[in-house]
Amino acid sequence: MSVKTEIFKIVTIEFQSSSQCEEVNKIALNEFEVDGIEEFSMEEERVDEILGERAYSGGDVPESVIDEVVDISDDQDVKNFNYFFFQGDINRAHEFAKAIEGMDLTIEVKDEEYSDWNEVWKKHYAPIEVTPELSVIPEWFKEEDYKENNNNIYIIPGMGFGTGEHETTYLCLKHFMAVKDSFKEKDLCLDFGCGSGILGIGAIKKSDMLVDFVDIDPAALDNCHENLKLNLNEDRLNGHRLIARKRFNLDDKYKLVFANILMHVLVSEKEVLLDSLADDGYIILSGILNEQVDAVIEEYKSLKKIDVLSKGDWSAILLKKE
């Protein structure tokens, strides 16, 4: 895999409160299109202090316990975030730092050589369990005969196209797993704004759906293609399509639509998304800040609301066409 520059930039920020984190994350994602965020890591001694007798000596820590630690620590522990800028004009890193310099933060901008890029990212990615039946696995953790494992989605992290690390992707997969048994083999799925293709790949692995992957960014479609080849044997690649947004025509109706994009795009593309949905089909809308949920539901009021899931600042909405 390659990137467009020989170096990338990391903006490291030390926060004093969770409210600062939330505000800066929104700026980084919505205004500067940051290519990756490494959230704070807490010292093991501090975690043990919070958990007391329930401290873990090994194995996977349940998500409920992680959330508990985060809640308790929110306003007691200084947080360090790394913001990664890879693609296009990496002066975005300095512009981002300048935009937040009046917020009483400790900010450092530094360069990293591309030759170190893979090792830098490998340190910051681990398997993510969405449900006991579905996990997202960085490709360097793949095991023997991994393409036969339908419980794992394998991803090449690092290009900013979606890795399961972000709340919006995680929530989309959660919604999908709740309704996956509603679909049958060869039902059509649309992954609109597909990025890495992680959502559509989940639909293929868990429900044997045929997926159209659509994105405005050719680099995202390239990344999606790499992840499809990573996850699927040759015989399972047949029938799926990679489509540039400007070439996407509504020739089909889809039983499942993923739209993990920002709210303003969900609104501007509303008619396309609504027209794409088959009767009794489901649509999962994400990339939505918690305070935007009611407005998005109002925009899509012709559909039945099934469920809303939230994690951190973000929410995802499951709707059905009846």
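Residues numbered from 1 in each chain as written. Predicted model: local features only at pLDDT ≥ 70, side-chain atom pairs only at ≥ 80, totals over all residues. Heavy atoms only, no water.

### Structural notes on helix 6 (residues 167-179)
A turn of α-helix holds 3.6 residues, and therefore any two residues three or four places apart point the same way. Across its 13 residues, helix 6 extends 19 Å between first and last C-alpha, which sits within 8% of the 18 Å expected from 1.5 Å per residue. In terms of residue burial, helix 6 counts as a mostly covered element, since eleven of its 13 residues are buried. (Helix = DSSP H or I, 4+ residues; strand = E, 2+ residues; numbered from the N terminus. Expected span 1.5 Å × (residues − 1). Buried < 20%, exposed > 50% of the residue type's maximum accessible area, 1.4 Å probe, protein only.)

### Description of the environment of I198
Within the secondary structure, I198 is located in helix 7 (residues 198-207). Judged by its relative accessible area of 3%, I198 is buried.

### A few points about the sheet that holds strand 6 (residues 134-138)
The three strands lie next to each other as 5-6-7, forming an open sheet whose pairing is mixed. Strands at the two margins of the open sheet, each flanked by one partner only, are strand 5 (128-131) and strand 7 (152-155). Across the sheet, the mean angle from the axis of one strand to that of its neighbour is 20°, orientation sign disregarded. Here strand 6 runs beside strand 7; their pairing, made up of four bridges, is parallel. Across the sheet, residue I137 finds its bridge partner in strand 7, namely Y154. (Pairing = 2+ DSSP bridges. Axes fitted to C-alpha atoms, helices over the stretch in contact; angles between N-to-C directions.)

### Digging into the nonpolar core
One finds L173, F176, A203, F213, L256 and F258 to be the most contacted residues of the largest nonpolar core, which totals 34 residues. The leading source of residues in this core is helix 6, at seven residues. Of all hydrophobic cores here, the second largest spans 23 residues; its members include F192, V257, I261 and I288. (Core = buried A, V, L, I, M, F, W, Y, C linked by side-chain atoms within 4.5 Å.)

### A look at the packing of aromatic side chains
The final tally for this structure, using the stated rule, is seven aromatic pairs. Aromatic side chains F176 and F258 sit 6.0 Å apart centroid to centroid with 65° between the ring planes, which places their arrangement in the edge-to-face category. Residue F176 is located in helix 6, and its partner F258 is located in strand 11 (residues 254-260); the two are separated by 82 residues in the primary sequence. Each of the two residues, F176 as well as F258, counts as buried. Ring geometry for F192 against F248: centres 6.2 Å apart, planes inclined by 65°, an arrangement best described as edge-to-face. (Phe/Tyr/Trp six-rings, centres within 6.5 Å; stacked < 30°, edge-to-face > 60°.)

### Quick word on the pairing of strand 6
Within strand 6, five of the five residues are buried, which leaves it mostly tucked inside the rest of the structure. Here strand 6 shows two buried faces, one formed by L134, V136 and P138 and the other by S135 and I137. Where strand 5 meets strand 6, three bridges bridge the pair, whose relative direction is antiparallel. What sits directly across from E129, in strand 6, is S135. Count of turn residues in the strand 5/strand 6 antiparallel hairpin: two residues.

### Looking at unusual backbone geometry
One non-glycine residue with positive phi stands out, namely D104, at about 55°. With respect to the helices and strands, D104 occurs in the loop between helix 4 (92-99) and strand 4 (106-113). Look at D104 and you get exposed, because its relative accessible area is 64%. Even without glycine at this site, D280 takes up a positive phi of about 65°. Among the secondary structure elements, D280 is positioned in strand 12 (residues 277-289).

### Digging into the pattern of salt bridges
Per the stated rule, a full pass over the model turns up 14 salt bridges. Between E133 and K180 there is a salt bridge, with its nearest N and O atoms 3.9 Å apart. Separated by 47 residues along the polypeptide, E133 in the loop between strand 5 and strand 6 and K180 in the loop between helix 6 and strand 8 (188-192) bring together distant segments of the chain. Given a relative accessible area of 13%, K180 falls into the buried group. Taking the shortest distance from any N to any O, the salt bridge between K142 and E139 comes out at 3.1 Å. According to the relative accessible area criterion, K142 is partly exposed, its value standing at 35%. Through salt bridges with shared partners, a single network forms among E133, K180 and D181. (Salt bridge = Lys/Arg side-chain N within 4 Å of Asp/Glu carboxyl O.)

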